[in-house]
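Results of the structural survey
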Amino acid sequence: KAENDCVLGLFSDGYMINQYPEPTLTEMTDVALEIFSQNEKGFFLMVEGSQIDWGSEDNDVNYTIREQLHFDLAIRSAIHFAMDDEGTLVVVTSDHEAGGMFISEEPPNQLDGKINIQWGTDEHNGTAVPVFAYGPHAERFMGWYDNTEIPKKIANILSIPDFPQKITSKLDK
(Lines give C-alpha, C1' and ligand atoms only; values in the text may rest on other atoms or scores of the structure.)
Protein backbone atom coordinates (compact mmCIF):
# COMPACT_ATOMS: atom_id res chain seq x y z
CA LYS A 1 0.00 0.00 0.00
CA ALA A 2 1.28 3.46 -0.89
CA GLU A 3 2.05 5.56 2.17
CA ASN A 4 1.72 8.97 0.45
CA ASP A 5 -0.80 10.83 -1.70
CA CYS A 6 1.59 10.86 -4.67
CA VAL A 7 3.69 8.10 -6.16
CA LEU A 8 6.47 8.54 -8.72
CA GLY A 9 8.40 5.72 -10.37
CA LEU A 10 11.75 6.58 -11.96
CA PHE A 11 13.43 3.74 -13.82
CA SER A 12 16.18 5.47 -15.78
CA ASP A 13 18.60 8.39 -15.50
CA GLY A 14 17.49 9.53 -18.98
CA TYR A 15 14.81 8.37 -21.36
CA MET A 16 13.71 4.76 -21.12
CA ILE A 17 14.61 2.27 -23.83
CA ASN A 18 11.68 -0.10 -23.26
CA GLN A 19 13.90 -3.13 -22.96
CA TYR A 20 14.91 -5.40 -20.11
CA PRO A 21 15.68 -4.70 -17.27
CA GLU A 22 13.25 -1.78 -17.41
CA PRO A 23 9.63 -2.53 -16.59
CA THR A 24 7.27 -2.57 -19.55
CA LEU A 25 4.60 0.09 -19.97
CA THR A 26 2.04 -2.60 -19.12
CA GLU A 27 3.87 -3.58 -15.93
CA MET A 28 4.06 0.05 -14.83
CA THR A 29 0.37 0.54 -15.65
CA ASP A 30 -0.62 -2.58 -13.71
CA VAL A 31 1.37 -1.56 -10.62
CA ALA A 32 -0.03 1.97 -10.73
CA LEU A 33 -3.58 0.62 -11.00
CA GLU A 34 -2.95 -1.73 -8.10
CA ILE A 35 -1.56 1.05 -5.88
CA PHE A 36 -4.04 3.77 -6.81
CA SER A 37 -7.12 1.53 -6.69
CA GLN A 38 -6.59 1.33 -2.92
CA ASN A 39 -7.60 4.99 -2.63
CA GLU A 40 -11.25 5.08 -1.63
CA LYS A 41 -11.65 8.57 -3.13
CA GLY A 42 -10.57 7.37 -6.58
CA PHE A 43 -7.61 8.44 -8.67
CA PHE A 44 -6.40 9.94 -11.92
CA LEU A 45 -3.67 8.08 -13.81
CA MET A 46 -2.01 9.21 -17.03
CA VAL A 47 -0.03 6.64 -19.01
CA GLU A 48 2.10 7.92 -21.87
CA GLY A 49 3.48 5.88 -24.76
CA SER A 50 5.85 8.65 -25.77
CA GLN A 51 8.27 6.68 -27.88
CA ILE A 52 5.68 6.10 -30.60
CA ASP A 53 6.39 9.74 -31.44
CA TRP A 54 10.14 9.16 -31.59
CA GLY A 55 9.80 6.18 -33.91
CA SER A 56 7.43 8.10 -36.18
CA GLU A 57 9.67 11.15 -36.38
CA ASP A 58 12.58 8.85 -37.28
CA ASN A 59 10.35 7.18 -39.91
CA ASP A 60 11.30 3.86 -38.31
CA VAL A 61 8.49 1.37 -39.01
CA ASN A 62 9.71 -1.35 -36.64
CA TYR A 63 10.29 1.08 -33.76
CA THR A 64 6.90 2.73 -34.27
CA ILE A 65 5.03 -0.57 -34.45
CA ARG A 66 6.87 -1.99 -31.41
CA GLU A 67 6.02 1.09 -29.34
CA GLN A 68 2.41 1.07 -30.53
CA LEU A 69 2.14 -2.57 -29.44
CA HIS A 70 3.58 -1.70 -26.01
CA PHE A 71 1.00 1.08 -25.69
CA ASP A 72 -1.80 -1.20 -26.88
CA LEU A 73 -0.94 -3.75 -24.17
CA ALA A 74 -1.03 -1.02 -21.51
CA ILE A 75 -4.43 0.13 -22.82
CA ARG A 76 -5.64 -3.47 -22.64
CA SER A 77 -4.68 -3.59 -18.95
CA ALA A 78 -6.52 -0.34 -18.28
CA ILE A 79 -9.63 -1.56 -20.13
CA HIS A 80 -9.60 -4.87 -18.20
CA PHE A 81 -9.33 -2.90 -14.96
CA ALA A 82 -12.25 -0.68 -16.04
CA MET A 83 -14.34 -3.71 -16.98
CA ASP A 84 -13.94 -4.97 -13.39
CA ASP A 85 -14.40 -1.50 -11.84
CA GLU A 86 -17.52 0.12 -13.22
CA GLY A 87 -16.43 3.57 -11.96
CA THR A 88 -13.33 3.77 -14.14
CA LEU A 89 -13.15 5.88 -17.28
CA VAL A 90 -10.35 5.16 -19.76
CA VAL A 91 -9.53 7.86 -22.32
CA VAL A 92 -6.99 7.17 -25.07
CA THR A 93 -5.65 9.84 -27.41
CA SER A 94 -2.52 11.55 -28.66
CA ASP A 95 -1.25 15.10 -28.39
CA HIS A 96 -0.47 15.12 -32.14
CA GLU A 97 0.25 12.95 -35.16
CA ALA A 98 3.85 12.50 -36.27
CA GLY A 99 5.47 11.02 -39.32
CA GLY A 100 2.33 10.66 -41.41
CA MET A 101 2.77 6.89 -41.73
CA PHE A 102 0.50 5.27 -44.29
CA ILE A 103 0.16 2.02 -46.19
CA SER A 104 0.79 2.66 -49.86
CA GLU A 105 -1.74 1.57 -52.44
CA GLU A 106 0.71 -0.90 -53.89
CA PRO A 107 -0.24 -4.49 -53.04
CA PRO A 108 1.95 -6.41 -50.60
CA ASN A 109 5.09 -7.91 -52.07
CA GLN A 110 4.03 -11.34 -53.29
CA LEU A 111 7.42 -12.88 -52.44
CA ASP A 112 7.71 -11.84 -48.80
CA GLY A 113 4.17 -10.59 -47.98
CA LYS A 114 5.48 -7.28 -46.61
CA ILE A 115 3.12 -4.32 -46.56
CA ASN A 116 4.44 -1.18 -48.22
CA ILE A 117 4.75 1.53 -45.57
CA GLN A 118 5.52 5.13 -46.48
CA TRP A 119 5.95 8.34 -44.51
CA GLY A 120 4.56 11.78 -45.28
CA THR A 121 6.96 13.72 -43.03
CA ASP A 122 9.50 13.34 -40.25
CA GLU A 123 7.79 15.93 -38.06
CA HIS A 124 4.53 16.61 -36.29
CA ASN A 125 1.67 17.44 -38.59
CA GLY A 126 -1.86 18.76 -38.46
CA THR A 127 -3.65 15.44 -38.96
CA ALA A 128 -6.55 15.07 -36.54
CA VAL A 129 -6.01 12.42 -33.88
CA PRO A 130 -8.82 10.22 -32.60
CA VAL A 131 -10.04 10.03 -29.02
CA PHE A 132 -11.37 6.75 -27.66
CA ALA A 133 -13.15 6.39 -24.34
CA TYR A 134 -14.54 3.48 -22.36
CA GLY A 135 -16.51 3.59 -19.14
CA PRO A 136 -18.73 6.12 -17.39
CA HIS A 137 -18.94 9.48 -19.22
CA ALA A 138 -17.32 8.00 -22.36
CA GLU A 139 -20.01 9.72 -24.44
CA ARG A 140 -18.50 13.12 -23.49
CA PHE A 141 -15.52 12.31 -25.69
CA MET A 142 -17.49 11.77 -28.91
CA GLY A 143 -17.28 14.14 -31.87
CA TRP A 144 -14.73 16.63 -33.15
CA TYR A 145 -13.05 19.17 -30.90
CA ASP A 146 -9.63 20.64 -30.15
CA ASN A 147 -7.53 18.33 -27.99
CA THR A 148 -7.14 21.13 -25.42
CA GLU A 149 -10.77 20.35 -24.53
CA ILE A 150 -9.85 16.90 -23.18
CA PRO A 151 -8.43 18.05 -19.80
CA LYS A 152 -11.42 20.39 -19.43
CA LYS A 153 -13.79 17.48 -19.98
CA ILE A 154 -11.88 15.37 -17.44
CA ALA A 155 -11.88 18.24 -14.91
CA ASN A 156 -15.64 18.60 -15.38
CA ILE A 157 -16.19 14.88 -14.78
CA LEU A 158 -14.01 15.09 -11.64
CA SER A 159 -15.93 18.20 -10.49
CA ILE A 160 -12.82 20.35 -10.50
CA PRO A 161 -14.16 23.92 -10.49
CA ASP A 162 -12.78 26.79 -12.56
CA PHE A 163 -10.46 24.66 -14.67
CA PRO A 164 -7.96 25.61 -15.90
CA GLN A 165 -6.74 27.83 -13.14
CA LYS A 166 -3.40 29.14 -12.02
CA ILE A 167 -1.83 26.94 -9.39
CA THR A 168 0.06 28.89 -6.78
CA SER A 169 2.87 27.55 -4.69
CA LYS A 170 4.79 28.75 -1.67
CA LEU A 171 7.32 30.23 -4.12
CA ASP A 172 4.64 32.56 -5.54
CA LYS A 173 4.03 34.20 -2.17
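Here we take up the packing of helix 1 (residues 25-36) against helix 3 (residues 61-84). As a packed pair, helix 1 and helix 3 sit with axes 8 Å apart at the nearest point and diverge in direction by 25°. On the basis of their axis angle, the class for helix 1 and helix 3 is roughly parallel. The handedness of the crossing between helix 1 and helix 3 comes out as right-handed. Residue-level inspection shows Leu25, Thr26, Thr29, Asp30 and Leu33 of helix 1 in contact with helix 3, the latter providing His70, Phe71, Leu73, Ala74, Ser77, Ala78 and Phe81.

Examined against the element boundaries, phenylalanine 102 turns out to sit in strand 3 (residues 102-103). With a relative accessible area of 38%, phenylalanine 102 lands in the partly exposed category. A sequence separation of 14 residues divides phenylalanine 102 from asparagine 116, and the C-alpha atoms of the two residues are 8.5 Å apart. Apart from residues no more than four positions distant in its own chain, phenylalanine 102 is found in contact with Asn116, Ile117, Gln118, Trp119 and Gly120.

The rules we used
- Residues numbered from 1 in each chain as written.
- Predicted model: local features only at pLDDT ≥ 70, side-chain atom pairs only at ≥ 80, totals over all residues.
- Heavy atoms only, no water.
- Axes fitted to C-alpha atoms, helices over the stretch in contact; angles between N-to-C directions.
- Helix = DSSP H or I, 4+ residues; strand = E, 2+ residues; numbered from the N terminus.
- Parallel < 35°, antiparallel > 145°, perpendicular 65-115°, else oblique.
- Left-handed = near helix turned anticlockwise from the far one by under 90°.
- Contact = heavy atoms within 4.5 Å.
- Buried < 20%, exposed > 50% of the residue type's maximum accessible area, 1.4 Å probe, protein only.

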